[in-house]
Amino acid sequence: SGEFVDDEGLEVLKETGCVFVPTIAWLHFRVSEDYAREFTRSLKLPDDQIKWFVDECSEAYEACREAIVQAFKVGVPTAVGSDGAHVFPPYDLVYEMEYFQELGIPPLEIIRSATLMSAKAIGRAEVWGTLEPGKAADLLVVDADPSKDVSVLRDKSRIKMVFQDGNVVKDIRSQVPTQVE
């Protein structure tokens, strides 16, 4: 997740257009001593090693916070990541977006990072990430304004419609999901 990237590394990312994809929610989740004990339960680590684990996770979390702020400050292309291979409840991508917002990143920049920059990070910006003719047209219709506060996306009842490839796949207005043909 690049949490320990330094200024020189960020400059290289910026110059090359390589997308920085931090995953801060996962790092913060690991700061919990309860998590550390559960995560290492098969090893039955002593308290001093649990403390070391939590301290290491705390250091990574704080470094990631700083890296995200600095990346946006210097103009590094930054995507919202998920660390989807890890499981920690209750998790969704909105957590990542909320962490960015708590760091002072404007909501519209966060949305851009979660859409266009994420598509760019996986080499799919030509078909995903923006609403343009010829692109896949995946979008949410939300009964709120995520451009003012991305946290509104946490309330799934606010998501009124879901489009995938330009087709309606969920329409809460009618309470009947629509099937893609």
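What you see is a predicted model; the values in this text were computed from it and never measured.

Conventions we followed
- Residues numbered from 1 in each chain as written.
- Predicted model: local features only at pLDDT ≥ 70, side-chain atom pairs only at ≥ 80, totals over all residues.
- Heavy atoms only, no water.
- Phe/Tyr/Trp six-rings, centres within 6.5 Å; stacked < 30°, edge-to-face > 60°.
- Buried < 20%, exposed > 50% of the residue type's maximum accessible area, 1.4 Å probe, protein only.
- Lys NZ or Arg CZ within 6 Å of the ring centre and 35° of its normal.
- Helix = DSSP H or I, 4+ residues; strand = E, 2+ residues; numbered from the N terminus.
- Contact = heavy atoms within 4.5 Å.
- Patch = residues over 30% accessible without salt bridge, like charges linked within 9 Å, V, L, I, M, F, W, Y side chains within 5 Å.
- Areas by Shrake-Rupley, 256 points an atom, 1.4 Å probe, with all protein chains shown as cover.
- Salt bridge = Lys/Arg side-chain N within 4 Å of Asp/Glu carboxyl O.
- Lys, Arg positive; Asp, Glu negative; His and termini not counted.
- Charge placed at Lys NZ, Arg CZ, Asp CG, Glu CD.
- Pairing = 2+ DSSP bridges.

Draft legend 1. Up close: the packing of aromatic side chains. Inspection of the entire model under this criterion finds 4 aromatic pairs. Judged by centre distance (5.9 Å) and plane angle (80°), the rings of tryptophan 26 and tyrosine 35 are edge-to-face. Both residues of the pair, tryptophan 26 and tyrosine 35, count as buried. The residue whose ring lies beneath arginine 124 is tryptophan 128, and the NZ or CZ to ring-centre distance is 4.8 Å.

Draft legend 2. Looking closely at helix 5 (residues 93–102). All buried positions along helix 5 are accounted for by Val94, Glu96, Met97, Glu98, Tyr99 and Phe100. For helix 5, the elements touching its buried residues are helix 2 (24–29), helix 4 (47–74) and helix 6 (107–121). Phi for glycine 104, located one or two positions after helix 5, is positive at around 95°.

Draft legend 3. Quick peek at a negative patch on the surface. On the surface, a cluster of negative charge is made up of Asp6, Asp7, Glu8, Glu11 and Glu15. A relative accessible area of 43% places aspartate 6 in the partly exposed class.

Draft legend 4. Quick peek at the pairing of strand 2 (residues 159–164). As paired elements, strand 1 (residues 139–142) and strand 2 share 4 bridges and run antiparallel to each other. Counted as the bridge partner of leucine 140 is valine 162 from strand 2. In this sheet, strand 3 (residues 167–171) lies alongside strand 2 in antiparallel orientation, the contact comprising 4 bridges. Note on strand 3: the bridge partner recorded for methionine 161 is aspartate 171. Linking two consecutive strands that pair antiparallel, namely strand 2 and strand 3, is a turn of 2 residues; a positive phi of about 55° is found at aspartate 165 within it.

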